[in-house]
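Residue-level structure breakdown
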Amino acid sequence: MADNLEPRQDPGLPVPNPCVSFWQQTTRSFPYLNVNKDEPVPTESKYVIIGSGISGGLTTYELIQGGVSASDIIILEAREAASGASSRNAGHVRPDAFRGFQVYKQLHGKEQALKIIANEKLVFERVKEFTEKHNVQCDFNPTTTFDVCMTSEFADFNARSFKQYQDAGGDVSHIKFYSGEEARRVTRVSQAVAAYEWPAGSSHPAKLAQWLLTQCIAQGVKLYTHCPALSVTKSGTSPADSVVWEISTPRGTTKATTVIHCTNAFAPYLLPQLTTFITPNRAQAHAFVPPPSLSAANILPSTMSLRHTLKHFYSVAQRRPDGIIILGAPIANPKLSPDAALARLTTNDGVYNEEVRKDCVENFETTFEEAEKGRLRHGEGLLHTWTGIVGMTTDSVPFVGRVEGAEGQWVCAGFNGHGMARIFTCAPGVAKLILGGSWADTGLPECFEITQERLEKLQKGVSGSVF
Ligand SMILES: Cc1cc2nc3c(=O)[nH]c(=O)nc-3n(C[C@H](O)[C@H](O)[C@H](O)COP(=O)(O)OP(=O)(O)OC[C@H]3O[C@@H](n4cnc5c(N)ncnc54)[C@H](O)[C@@H]3O)c2cc1C
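Residues numbered from 1 in each chain as written. Predicted model: local features only at pLDDT ≥ 70, side-chain atom pairs only at ≥ 80, totals over all residues. Heavy atoms only, no water.

**Let's talk about the overall build of the protein chain**
Rule in force here: Helix and strand definitions follow DSSP, with helices as H or I runs of at least four residues and strands as E runs of at least two, each counted in order from the N terminus. Our radius of gyration is a C-alpha quantity, and the globule rule it is checked against amounts to 2.2 Å times the number of residues to the power 0.38. Partly exposed residues are those whose accessible area sits between 20% and 50% of the maximum for their type, while under 20% is buried and over 50% is exposed, using a 1.4 Å probe and protein chains only. Contact criterion: two residues are considered in contact whenever any of their non-hydrogen atoms come within 4.5 Å of each other. Computed with a 1.4 Å probe, the accessible areas rest on the Shrake-Rupley method; for each residue, only the protein chains presented here act as cover. Think of it this way: Lys and Arg go in the positive column, Asp and Glu in the negative one, and His and the chain ends go nowhere. By convention, charge coordinates are those of NZ in Lys, CZ in Arg, CG in Asp, or CD in Glu.
On a plain count of helices and strands, the protein chain comes out with 13 helices and 18 strands. For 467 residues, the compact-globule estimate of 2.2 N^0.38 gives 23 Å, and the C-alpha radius of gyration of the protein chain, at 21 Å, lies within 12% of that figure. Each of the three principal axes of the protein chain carries a C-alpha extent, and together these read 70 × 50 × 45 Å. Sorting the 467 residues of the protein chain into buried and exposed places 61% on the buried side. The contacts of the protein chain with a sequence gap of at least 6 include a subset with a gap of at least 24, amounting to 77%. Split by element, the accessible area of the protein chain, about 18,200 Å² in all, is 51% carbon and sulfur. Computed over 44 positive and 47 negative side-chain charges, the inter-centroid distance for the protein chain is 2 Å.

Next comes the structure, spelled out in structure tokens:
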């Protein structure tokens with residue numbers, strides 16, 4: 001169903017009737033999809049995690065690894081298990097290798113910008129290591145990715161970013177550069193002006209999220225689906241002098257001394273201090289059945305981002321197991337009508353935007369001439385379109401850590417439509433902090449920490465966007 005909606009910045013709660021993404025269509029047999037959907041929540045639990053996406057699942061997993069008893073943890077999820085962005089994305093696990101450096105440097109300074117880029121590389125390595133070590137069946141495909149510069153303006157922008165990053169001491173040893181004819185040959189994109197290649201991957205994100213939840217549930221964690229947290233209010237102190245929080249839900253109230261917000265775009269609903277610093281944006285993705293020229297031995301070996309400008313880009317990742325091509329639509333596209341451009345400001349992931357769909361598919365068909373509509377057979381071409389809500393932050397980095405002024409509350413949210421390249425260090429980081437570690441123990445860039453100082457800086461209007 002296509003939409004025509006009023007834009008909205010206040011996230012509220014996730015809408016109750018989201019559409020079913022390609023990833024969800026292919027995992028309907030997950031046994032915990034609607035687990036405990038009619039059960040009342042317990043009156044108390046030491047740890048309450050709000051949100052069951054990859055952040056919530058991995059934070060829970062890491063707490064258990066760190067020694068927390070699984071039976072002391074409950075997860076509250078507003079809809080079916082992992083029904084947020086984690087089961088609705090474009091499948092890319094794609095670190096930024098240098099492109100965002102110029103903007104990060106302006107926002108956070110040179111040292112932090114270097115750390116942000118280094119952290120993304122580390123996340124890719126962590127996801128690879130984790131999925132291999134635990135044999136996670138999530139179709140993880142470690143390969144390379146191309147940033148394909150579709151215009152000379154963007155080629156210039158990328159060249160500047162690359163140079164600035166290299167001059168600042170950034171590691172570029174893993175990045176290959178191609179220009180002109182060579183770029184067109186390696187990428188198979190006839191309009192390519194230049195291209196950069198570096199290690200990246202793709203996965204079936206819902207399978208990864210579900211694997212994490214399965215491990216936690218097997219250890220004794222209880223997941224309550226279709227059970228939104230409606231409020232978190234102070235209700236006194238425990239015998240050990242910790243603040244006790246009361247989390248209300250439609251199925252009762254539970255008391256906890258540790259509450260972890262893994263609600264990404266929806267974090268401001270329960271943490272109003274994040275309103276305007278995390279804003280929900282709707283993103284759209286598409287699944288495409290390839291023609292023979294992109295099938296079998298002709299499958300695209302690498303993923304790519306077809307870049308017209310910093311924000312006008314299309315992501316392309318072809319899946320190994322079935323050859324389906326996942327197309328991510330651009331965040332901003334100057335060609336779209338004002339209505340379609342505004343449609344991304346809604347939180348309604350029950351529907352998609354027809355104009356965005358048309359533009360995205362047309363772009364793919366023009367880029368890969370073999371995929372032209374007139375030449376496709378019945379059964380080839382667009383298979384499915386879906387949407388999901390991403391959490392954009394005003395300074396392009398997530399909020400991780402202790403919520404100041406709310407002892408016992410923690411957050412890991414605001415992934416800027418880029419969580420697959422961030423969560424695998426942020427979630428273990430927040431778990432370390434909860435277990436008593438210092439910020440240095442997390443290894444995360446300091447600018448990711450949610451501090452009063454950062455919120456005050458943002459209040460003054462410091463902002464900028466890489467995404
Ligand atoms: C179309 C699209 C394409 C994308 N493509 C990519 C990509 O290719 N690569 C990449 O790195 N990233 C991509 N992303 C972003 C990525 O999916 C997210 O950054 C990541 O999934 C965030 O994970 P999370 O667990 O923090 O949030 P989510 O997966 O959104 O999980 C948050 C959960 O919290 C629940 N929730 C919210 N409020 C409450 C409440 N009050 N009570 C209980 N539960 C609540 C939600 O229902 C949801 O399940 C894309 C996102 C979209 C939508």
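Next comes the rest of the description.
**A few points about the nonpolar core**
Selection rule: The set of buried Ala, Val, Leu, Ile, Met, Phe, Trp, Tyr and Cys residues whose side-chain atoms join them within 4.5 Å is what this entry labels a nonpolar core.
One finds I54, L63, I73, F98, I175, F424 and F448 to be the most contacted residues of the largest nonpolar core, which totals 76 residues. Apart from residues lying up to four places away in sequence, F98 is in contact with I117, N158, S161, F162, Y165, I175, Y196 and W198.

**Quick notes on the site of the ligand**
Inclusion rule: Here a residue is considered near a molecule or strand provided that any single heavy atom belonging to it is located within 4 Å of it. Any N or O atom pair separated by 3.5 Å or less is treated as a polar contact, with the protein-specific requirement of one donor-capable and one acceptor-capable atom, and with residues adjacent in sequence counted only for side-chain atom pairs. Basically, the charged four are Asp, Glu, Lys and Arg, the nonpolar ten are Ala, Val, Leu, Ile, Met, Phe, Trp, Tyr, Cys and Pro, and anything else, Gly included, counts as polar.
Taken together, 39 residues sit near the ligand, with S55, E77, S86, G419 and M420 positioned nearest. The separation between an oxygen atom of the ligand and a polar main-chain atom of A85 is 3.0 Å. A distance of 3.2 Å separates a nitrogen atom of the ligand from a polar backbone atom of G417. Protein burial of the ligand: of its 1,000 Å² of free accessible surface, 96% is covered by the chains. Its residues assigned to classes, the shell around the ligand shows 20 nonpolar, 17 polar and two charged.

**Topic: the sheet that holds strand β1 (residues 47-50)**
The pairing of strands in a sheet happens through backbone hydrogen bonds and is either parallel or antiparallel. Our working definition: Pairing between strands is defined by DSSP: at least two bridges between them are needed. As a rule, the C-alpha atoms of each element are fitted with a line to give its axis, helices using only the stretch in contact, and angles between N-to-C directions run from 0 to 180 degrees.
Across the sheet, six strands lie side by side as β7-β2-β1-β11-β18-β17; this open sheet has mixed pairing. Looking along the sheet, the strands with just one partner apiece sit at the ends: β7 (222-224) and β17 (399-402). The mean angle between the axes of side-by-side strands here comes to 15 degrees, regardless of whether they run parallel or antiparallel. Direction of pairing for β17 relative to strand β18 (residues 409-413): antiparallel, over a ladder of four bridges. Counted as the bridge partner of V400 is C412 from β18.

**With respect to helix α11 (residues 423-434)**
Basically, it comes down to this: One fewer than the residue count of a helix, multiplied by 1.5 Å, yields its expected span.
Across its 12 residues, α11 extends 16 Å between first and last C-alpha, which sits within 8% of the 16 Å expected from 1.5 Å per residue. Residues of α11 that are buried include every one of I423, F424, T425, C426, A427, P428, G429, V430, A431, L433 and I434, and no others.

**Observations concerning the pairing of strand β9 (residues 243-249)**
Within β9, six of the seven residues are buried, leaving the element largely enclosed by the surrounding structure. Pairing between strand β8 (residues 231-237) and β9: five bridges, direction antiparallel. Across the sheet, the residue bridging to V232 is I247, located in β9. As defined by bridge partners, β9 adjoins strand β10 (residues 252-256) across five bridges and the pair is classed as antiparallel. Across the sheet, residue E246 finds its bridge partner in β10, namely K255. Where β9 hands over to β10, the hairpin turn is made up of two residues, counted between the paired strands.

**Quick notes on the packing of aromatic side chains**
Put simply, the rule reads: Aromatic contacts are taken between Phe, Tyr and Trp rings whose centres are within 6.5 Å, Trp giving its six-membered ring; a plane angle under 30 degrees counts as stacked, one over 60 as edge-to-face, and the others as tilted. We call a charge positioned over a ring when the NZ of a Lys or the CZ of an Arg lies within 6 Å of the ring centre and within 35 degrees of the ring normal.
This model, assessed by the stated rule, comprises 18 aromatic pairs. Relative to Y196, the ring of F177 lies with its centre 4.9 Å away and its plane at 50 degrees, an arrangement referred to as tilted. Taken together, the residues F177 in strand β5 (residues 176-179) and Y196 in strand β6 (residues 194-202) connect sequence positions 19 residues apart. An aromatic cluster of at least three residues, connected via ring pairs, comprises F98, F162, F177, Y196 and W198. The positively charged end of R307 is found above the aromatic ring belonging to F313, 3.8 Å away from the centroid. The cationic tip of R454 hangs over the ring face of F399; the distance from NZ or CZ to the ring centre is 3.8 Å.

**Quick look at helix α5 (residues 152-167)**
Worth spelling out the cut-off: The arc in question is the one traced by the directions running from the helix axis out to the C-beta atoms.
Helix length check: α5, at 16 residues, gives a terminal C-alpha distance of 22 Å against a target of 22 Å (1.5 Å per residue), a fit within 8%. Here α5 has its buried residues at F154, A155, F157, N158, S161, F162 and Y165. Relative to the axis of α5, the buried residues are bounded by an arc of 160 degrees and lie together on one face. Among the exposed residues of α5, those pointing more than 90 degrees away from its buried face are E153 and D167. At the C-terminal side of α5, G169 shows a positive phi close to 100 degrees.

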